[in-house]
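# Descriptive structure summary
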Amino acid sequence: LEVMPRDLTGTKDCRRLRRQGLVPAVLYGHGEECVNLVAKREAIEAVVRHGSMFIELHGAVTSGAVIRELQWDTFGTRPLHIDFLRASKTERVHVKVPVDMKGEAPGHRNGGVVTLVVHELELECTPDAIPDHLHAVINQLEVGGSVKVRDLQLPPDARVIADPDDVLVTCVKPGEKAEETSEATEPEVIGRKPAEEGDSEG
């Protein structure tokens, strides 16, 4: 991904860059100085479309990096800001990965309400093992049951930074309260995260 230096960091300046078809970015990590960058929107969209998580940056900087956070507009169609974390292909990194449901729950066919209660988890792994999503398989989920972190199938050598007993998906009778879950951090989704245009200062 070709990146260019960025001297403009204010909200108005970032909006002006977006109108020019550019996306503000920042590169940080490894104890080095943060670098403000900008890249063409079409190039970033192409990277995301191909599911690339580890990226070789060139131009204003030469560095391997992973996408730490990508903010999208309200409709989830236009990237607004991207955070890059310096990384090599061999080091282990912490990234936040979306969680989705896979399969059909028997409990749903029996009148239960299936709810995805955790939409994102933090994963520790090498950049080339970062998945697009973590799938909570619900094929065995009955009314009154749940899918927990320990039930996830993870990439080799990957580790979830969460309690194995944390609940990801519940299936309850209509009107019943779902199983209590541990307090979760507000998601910072890698991928299509709605955000207002003025949210990112740099």
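Please read all numbers here as calculations on a predicted model, not as lab measurements.

Across its full length, the protein carries three helices and 14 strands. Counting across all 202 residues of the protein, residues that qualify as buried make up 45%. In the protein, of all internal contacts separated by at least 6 residues, the share reaching a separation of at least 24 is 67%. Accessible area of the protein: about 11000 Å², with a carbon and sulfur share of 48%.

Read from one edge of the open sheet, three strands run β8-β13-β11, paired in antiparallel fashion. Each having just a single partner strand, β8 (113-116) and β11 (146-148) make up the two edges of the open sheet. Pairwise comparison of adjacent strand axes, ignoring direction, gives a mean angle of 10 degrees for this sheet. Both β11 and strand β13 (residues 167-172) contribute to a ladder of three bridges, which runs antiparallel. Among the inter-strand pairings, Ser146 is bridged to a residue of β13, identified as Thr170.

Let us now look at unusual backbone geometry. Phi is positive for His30, which is not a glycine, with a value near 60 degrees. Among the secondary structure elements, His30 is positioned in the loop between β2 (22-29) and β3 (32-40). Phi is positive for Asp157, which is not a glycine, with a value near 65 degrees. As for its placement among the helices and strands, Asp157 is situated in the loop between β11 and β12 (159-160). For Asp157, a relative accessible area of 65% corresponds to the exposed category.

With that settled, the discussion passes to the nonpolar core. Grouped together as the largest cluster of nonpolar side chains are 29 residues, with contacts concentrated most on Leu121, Ile130 and Val169. The set of elements that each furnish at least two residues to this core consists of β7 (93-102), β9 (120-125), β10 (134-137) and β13. Examining the composition of this core, we find that four residues originate from one element, β7, more than from any other. Setting aside anything within four residues of it in sequence, one finds Ile130 in contact with Met53, Val66, Val93, Val95, Val97 and Cys125. With 18 residues, the next largest nonpolar core counts Leu1, Val23, Ile55 and Ile82 among its residues.

Definitions and cut-offs
- Residues numbered from 1 in each chain as written.
- Predicted model: local features only at pLDDT ≥ 70, side-chain atom pairs only at ≥ 80, totals over all residues.
- Heavy atoms only, no water.
- Helix = DSSP H or I, 4+ residues; strand = E, 2+ residues; numbered from the N terminus.
- Buried < 20%, exposed > 50% of the residue type's maximum accessible area, 1.4 Å probe, protein only.
- Contact = heavy atoms within 4.5 Å.
- Areas by Shrake-Rupley, 256 points an atom, 1.4 Å probe, with all protein chains shown as cover.
- Pairing = 2+ DSSP bridges.
- Axes fitted to C-alpha atoms, helices over the stretch in contact; angles between N-to-C directions.
- Core = buried A, V, L, I, M, F, W, Y, C linked by side-chain atoms within 4.5 Å.

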